[in-house]
Amino acid sequence: MDTLHGRDKNVFFNACVLTKNLDRHQHAFLEIAYVHSGKVEHICNGKSYLADAGSYFVVDDGIPHEYRCRHGTAEVWNCIFRPDFVDASLRNCRDIDSVLTSYPLRFCRRFHFKPYSGRLFTDKDGSIEWALMHIREEYASQRAGREALMRAYLLEILIYTMRQLQEESHEELEEDIQELRKLVDTCYAQNLSLKQLAEERYCSPSVLSRRFEQACGCGFKEYQQDRRIEEACRLLANTQRKVADIAQTVGYQDLKFFNSLFMRKLGVSPSAYRRRYL
């Protein structure tokens, strides 16, 4: 894996003054480009966007894009990063969707960012500029905890961006399904009974199951399994705890079943997955 401009392995920040066109190119990393001053034309996914101060773009890995300076110079702040800067378990991932459904965020499993890659977003209240300014300061410093703070500000930017998309599309989950999903996200290791949960909501298990799948893109049991395996991946990548201990922590007493499920979901054993991060 190549480094980002010879700097930190997984994250890089710079402020670039564009005085001429930047031809079509693509990256093996994720990018947030914020127009701090001036105007620039951004071309991505066959669409052209005229961006002025306060506009920004989030560009996925491998998406070609280019800049045209048709209105004088523009200052663009670039924050580029790899998914594993957000969490070590994302080391072999290459897209924003992986970040959105990862342990730190879990934004929405049925949401796919790729169609929105490169489109124009607006920093309506200055929150994005504020977060980027702090990333810039931490990146230039050598203070303790700089990477943790950069990560926190980066997640804030992604959350605000996804919220903007969600508000535009009006795709809010039904309140009870949203509560049910949050319950699984929090209590994934428990033996949650769909029958009991349905009774508490005064509906049949089949109706609740169908509504959950329509809202979340997968069945209740699969969602819980994915959440458990997701947490297991985080523990395998970031701790030295035994595989059997991790299996019990995420809700599996049967180590053989856990190993089989992990292999089916990820294509490798838990031990082989951990070796990637040694």
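Our subject is the structure that appears above.
This section reports on the structure supplied with the text.

1. Details of the environment of G38
Line of reasoning, step 1. Of note, G38 is situated in strand β3 (residues 30-44).
Line of reasoning, step 2. Linking G38 and D84, residues 46 residues apart in sequence, is a C-alpha distance of 33 Å.
Line of reasoning, step 3. Excluding its chain neighbours within four sequence positions, the residues that come into contact with G38 are A51, D52, A53, T73 and A74.

2. Looking at the nonpolar core
Line of reasoning, step 1. Membership of the largest hydrophobic core comes to 35 residues, with the highest contact counts inside it found for I32, F81, F113, L132, I135 and L154.
Line of reasoning, step 2. Secondary structure elements with two or more residues in this core: β1 (11-18), β3, β5 (55-59), β7 (74-81), α1 (83-86), α2 (96-100), α3 (127-140) and α4 (146-169).
Line of reasoning, step 3. Considering every element that reaches this core, the biggest residue donor is α4, with 8 residues.
Line of reasoning, step 4. Among residues more than four places away in sequence, those in contact with L132 are F13, Y34, W77, C79 and I157.
Line of reasoning, step 5. Judged by nonpolar contacts, the second largest core, of 18 residues, contains C233, L236, A247 and L261.

3. A word on the side chain of S117
Line of reasoning, step 1. Topologically, S117 is positioned in the loop between α2 and β8 (121-122).
Line of reasoning, step 2. A polar contact is formed between the side chain of S117 and the backbone nitrogen of D60, at a distance of 2.8 Å.
Line of reasoning, step 3. For S117, the residues in contact, after removing those within four places along its chain, are C44, N45, V58, V59, D60 and I63.

4. Describing the pairing of strand β6 (residues 65-68)
Line of reasoning, step 1. On β6, burial covers both faces: H65 and Y67 on one face and E66 and R68 on the other are all buried.
Line of reasoning, step 2. Where strand β2 (residues 22-25) and β6 come together, 2 bridges link them in antiparallel fashion. From the neighbouring strand, L22 faces β6, where its bridge partner is Y67.

5. Some details on the pairing of β7
Line of reasoning, step 1. Of all 8 residues making up β7, 7 are buried, and the element is well covered by its neighbours.
Line of reasoning, step 2. Alignment of β1 against β7, held across 8 bridges, turns out to be antiparallel. Residue pairing for β7: V11 is matched across the bridge by F81.
Line of reasoning, step 3. Note that β3 and β7 share 8 bridges and pair antiparallel. Note on β7: the bridge partner recorded for E31 is I80.

6. Re helix α5 (residues 175-186)
In an α-helix there are 3.6 residues to a turn, and that puts residues three or four apart on one side.
Line of reasoning, step 1. The first and last C-alpha atoms of α5 sit 17 Å apart over 12 residues, in line with the 16 Å expected at 1.5 Å per residue.
Line of reasoning, step 2. Buried residues of α5: I177, L180, R181, V184 and D185, and no others. The buried residues of α5 all sit within an arc of 140° when viewed along its axis, so they share a single face. For α5, the exposed residues set more than 90 degrees away from the buried face come down to E175 and T186.
Line of reasoning, step 3. In the core, the buried residues of α5 are packed alongside α6 (194-200), α7 (205-216) and α8 (220-238).

7. What to know about α7
Line of reasoning, step 1. Between its first and last C-alpha atoms α7 spans 16 Å; for 12 residues at 1.5 Å apiece the expected length is 16 Å, and the two agree.
Line of reasoning, step 2. Within α7, the full set of buried residues consists of L208, R211, F212, A215 and C216. For α7, the angular spread of the buried residues around the axis is 110°, confining them to a single face.
Line of reasoning, step 3. In this structure, the buried residues of α7 make contact with α5, α6 and α8.

Reading the values: rules and limits
Residues numbered from 1 in each chain as written. Predicted model: local features only at pLDDT ≥ 70, side-chain atom pairs only at ≥ 80, totals over all residues. Heavy atoms only, no water. Helix = DSSP H or I, 4+ residues; strand = E, 2+ residues; numbered from the N terminus. Contact = heavy atoms within 4.5 Å. Core = buried A, V, L, I, M, F, W, Y, C linked by side-chain atoms within 4.5 Å. Buried < 20%, exposed > 50% of the residue type's maximum accessible area, 1.4 Å probe, protein only. Polar contact = N/O pair within 3.5 Å; in protein donor to acceptor, adjacent residues only side chain to side chain. Pairing = 2+ DSSP bridges. Expected span 1.5 Å × (residues − 1). Arc of directions from axis to C-beta.

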